[in-house]
Amino acid sequence: MFRVRPLLCALFYHRQTERNGRLSKFFRMMSEGNMEKQTATLLKRTSEENEDSAERVQAAKRLKTEGEQPEDEKKFPKKKVVLLMAYSGKGYYGMQRNPGNSQFRTIEDDLVAALIKSGCIPENHGDEMKKMSFQRCARTDKGVSAAGQVVSLKVRMIDDLIEKVNEHLPPQIRVLGLKRVTQGFNSKNNCDARTYSYMLPTVAFSPKDYDTGNIAEFRLEPETLQKVNRLFALYKGTHNFHNFTSQKAPNDPSARRYITEMSCGEPFIRRNHEFAVINVRGQSFMLHQIRKMIGLVIAVIKGYAKEEVIERSWGQDKVDVPKAPGLGLILERVHFDRYNKRFGGDGLHEKLEWDREEEAIKAFKESHIYPTIIETECEEGSMVSWMSTLPIHDFDATATEVQDSKVKKQDDADEGNASD
């Protein structure tokens, strides 16, 4: 009996120890679980605190960035606008900027410099004009002027913007007007039509045997003016103008252009010489197109070419079409009929019409454009010099390879300064 009792005690102790072990393991597992849970909670809290801290850092950075912005950037936010421009093109290699060719000064070179100096755009926008969404309505050739050019871009709406920009422009370039437009507005793509004028001495319509040494005495006869306008009227409508530009194939769809108006006005006297102004309106024009349209009519009036050459020039064959000088060409105005109809009455945007600026446009032409054309013509005789080249053109047959090569070289020299 005494031997059984120790055995029972030993068995009880063993079972108690085993039970305590299980309980210890259980509590240890429970403790580890709590630890894991606490750790997860702590990690989550730390992560949230880090995120919150990151947000505070980002917010601080934003505030710092805003604090570092130029005062003009905060006070004058950027808006999409159009600028109405007028300029005399003499001495400039056209309207469009040519990056990397600083020796060929363009109107846009001076405009962009003025926008930067006036604070309308950041300096780095001058190197990459797409940053300010810049677009001109029409390119103009070397020496060509404009009375109603329109460019679209994003600018800081500073006080007295027009006056401040003009302070940094030469007198022969002026910004005459400004209007807010829609964010997606593009002055080139939204333009429905363009109107150009061409000022020339009427001696251009003299007979080919006229003594050009006495051009001041020439006066245009009413009958000749009527014939001139009858020939210009032939251009109205849609025609294939591949012969009126360079590097366009007869089957190129882009060579088809729509002309709505073309006529020559009554002559007037300036500096004892008689001048007249030709007006032409079309949807768009190719490089040298207007100058060649005028050049061909002059060749017919003077007797170098037959009248049928005009309609033949719209055919598939290559025709030798002379190009009148660029001096007298002026971009008069651009038209936004569809835009005006859609947005002009929405209560937010104005119509892109410039009635209020008409007097300023007229004054600029009278003081800067017309005098330059007249003085240059009277002193240098660009039209008379060009008229002396008409006999070398072959109007009865297709252009010879030699003539075509000569014309191509001249066109290539002017490439990049397209009227449109």
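Our subject is the structure that appears above.
Keep in mind that what you see is a predicted model, and the values were worked out from it rather than measured. (Residues numbered from 1 in each chain as written. Predicted model: local features only at pLDDT ≥ 70, side-chain atom pairs only at ≥ 80, totals over all residues. Heavy atoms only, no water.)

Draft legend 1. Highlighting the overall build of the protein chain. Helix and strand counts for the protein chain come out as 11 helices and 10 strands. Burial analysis of the protein chain (420 residues in total) assigns 44% to the buried set. Relative to all contacts within the protein chain whose residues are 6 or more apart in sequence, the contacts with residues 24 or more apart total 77%. Accessible surface computed for the protein chain: about 22,600 Å², of which carbon and sulfur atoms make up 50%. (Helix = DSSP H or I, 4+ residues; strand = E, 2+ residues; numbered from the N terminus. Buried < 20%, exposed > 50% of the residue type's maximum accessible area, 1.4 Å probe, protein only. Contact = heavy atoms within 4.5 Å. Areas by Shrake-Rupley, 256 points an atom, 1.4 Å probe, with all protein chains shown as cover.)

Draft legend 2. Structural view of the pattern of salt bridges. Applying the stated criterion across every chain yields a total of 16 salt bridges. Here E350 makes a salt bridge to K179, at a shortest N to O gap of 3.2 Å. Here E350 is found in the loop between helix 8 (337-343) and helix 9 (358-380), whereas its partner K179 is found in strand 4 (residues 173-180), with 171 residues between them in sequence. Ionic pairing is found between R312 and E308, a salt bridge with its closest N-O pair at 3.3 Å. Because the salt bridges share partners, they merge into one network encompassing K179, E350 and R356. (Salt bridge = Lys/Arg side-chain N within 4 Å of Asp/Glu carboxyl O.)

Draft legend 3. Representation of a negative patch on the surface. Together, D159, D160, E163 and E167 make up a region of like negative charge exposed at the surface. Relative to the assigned elements, D159 resides in the loop between strand 3 (145-156) and helix 4 (161-167). Relative accessible area serves as the criterion here: at 44%, D159 is assigned to the partly exposed category. (Patch = residues over 30% accessible without salt bridge, like charges linked within 9 Å, V, L, I, M, F, W, Y side chains within 5 Å. Lys, Arg positive; Asp, Glu negative; His and termini not counted. Charge placed at Lys NZ, Arg CZ, Asp CG, Glu CD.)

Draft legend 4. Summary view of the packing of helix 5 (residues 222-233) against helix 6 (residues 289-302). At their nearest, the axes of helix 5 and helix 6 sit 10 Å apart, and the two run at 135° to each other. The orientation of helix 5 with respect to helix 6, classified from their angle, is oblique. Seen along the crossing, helix 5 lies across helix 6 with a hand that is right-handed. Contacts between helix 5 and helix 6 involve T224, K227, V228, L231 and F232 from the first element and M293, I294, V297, V300 and I301 from the second. (Axes fitted to C-alpha atoms, helices over the stretch in contact; angles between N-to-C directions. Parallel < 35°, antiparallel > 145°, perpendicular 65-115°, else oblique. Left-handed = near helix turned anticlockwise from the far one by under 90°.)

Draft legend 5. Spatial organisation of the packing of aromatic side chains. According to the stated counting rule, one finds 10 aromatic pairs in the structure shown. Relative to F285, the ring of Y196 has its centre 5.6 Å away and its plane inclined at 90°; by these criteria the two rings are edge-to-face. Placement of Y196 in strand 5 (residues 193-201) and of F285 in the loop between strand 9 (273-282) and helix 6 is noted, with a sequence separation of 89 residues between them. Just as Y196 is buried, F285 falls in that class too. Between Y235 and F241, the aromatic rings sit 6.2 Å apart at their centres with planes inclined by 35°, giving tilted as the arrangement. A cation over an aromatic ring shows up here: K179 above the ring of W354, its NZ or CZ 5.1 Å from the ring centre. Sitting over the ring of Y304, K208 keeps its end group 5.3 Å from the ring centre. (Phe/Tyr/Trp six-rings, centres within 6.5 Å; stacked < 30°, edge-to-face > 60°. Lys NZ or Arg CZ within 6 Å of the ring centre and 35° of its normal.)

Draft legend 6. Structural detail: the environment of Q226. Take Q226: it is sitting in helix 5. In sequence terms Q226 and S263 are 37 residues apart; their C-alpha atoms lie 9.7 Å from each other.

Draft legend 7. Broad picture of helix 5. For helix 5, with 12 residues, the first-to-last C-alpha span of 17 Å sits near the 16 Å given by 1.5 Å per residue. Burial in helix 5 covers these residues: L225, V228, L231 and F232. Along the long axis of helix 5, the arc covered by the buried residues comes to 125°, so they all point the same way. Seen from the open side of helix 5, the exposed residues pointing more than 90 degrees away from its buried face are P222, E223 and Q226. Elements in contact with the buried residues of helix 5: strand 7 (256-264), strand 9, helix 6 and helix 7 (309-312). (Expected span 1.5 Å × (residues − 1). Arc of directions from axis to C-beta.)

Draft legend 8. Representation of the side chain of T195 within the structure. Here T195 is to be found in strand 5. Residue T195 is classed as buried on the basis of its relative accessible area of 13%. There is a polar contact of 2.8 Å between the side chain of T195 and the side chain of H335. When neighbours within four sequence positions are excluded, T195 is seen to be in contact with V280, R281, I330, L331, E332, R333 and H335. (Polar contact = N/O pair within 3.5 Å; in protein donor to acceptor, adjacent residues only side chain to side chain.)

Draft legend 9. Local environment of the environment of S133. By the secondary structure assignment, S133 is in the loop between helix 3 (107-117) and strand 2 (135-136). In this structure, the C-alpha to C-alpha distance between S133 and N186, residues 53 residues apart in sequence, is 8.4 Å. Apart from residues lying up to four places away in sequence, S133 is in contact with K80, S152, L153 and K154.

Draft legend 10. Representation of unusual backbone geometry in the model. The backbone phi angle of N272 is positive, close to 70°, even though this residue is not glycine. Relative to the helices and strands, N272 resides in the loop between strand 8 (268-270) and strand 9. With phi around 70°, H288 is a residue other than glycine that occupies positive phi space. Note that H288 resides in the loop between strand 9 and helix 6. Exposure remark for H288: the relative accessible area of 1% places this residue in the buried category.

Draft legend 11. Main features of helix 3. Counted residue by residue, helix 3 has eight buried out of 11 residues, so it is predominantly covered. Of the residues making up helix 3, those classed as buried are I107, E108, D109, D110, L111, V112, A114 and L115. In this structure, the buried residues of helix 3 make contact with strand 1 (78-87), strand 2, strand 3, helix 4 and strand 4. Of the residues one or two after helix 3, G119 is the one with positive phi, at around 90°.

Draft legend 12. The arrangement of the side chain of H242 in detail. Tracing the backbone through its elements, the reader meets H242 in the loop between strand 6 (237-240) and strand 7. In terms of polar contacts, H242 uses its side chain to reach the side chain of N243, at 3.4 Å.

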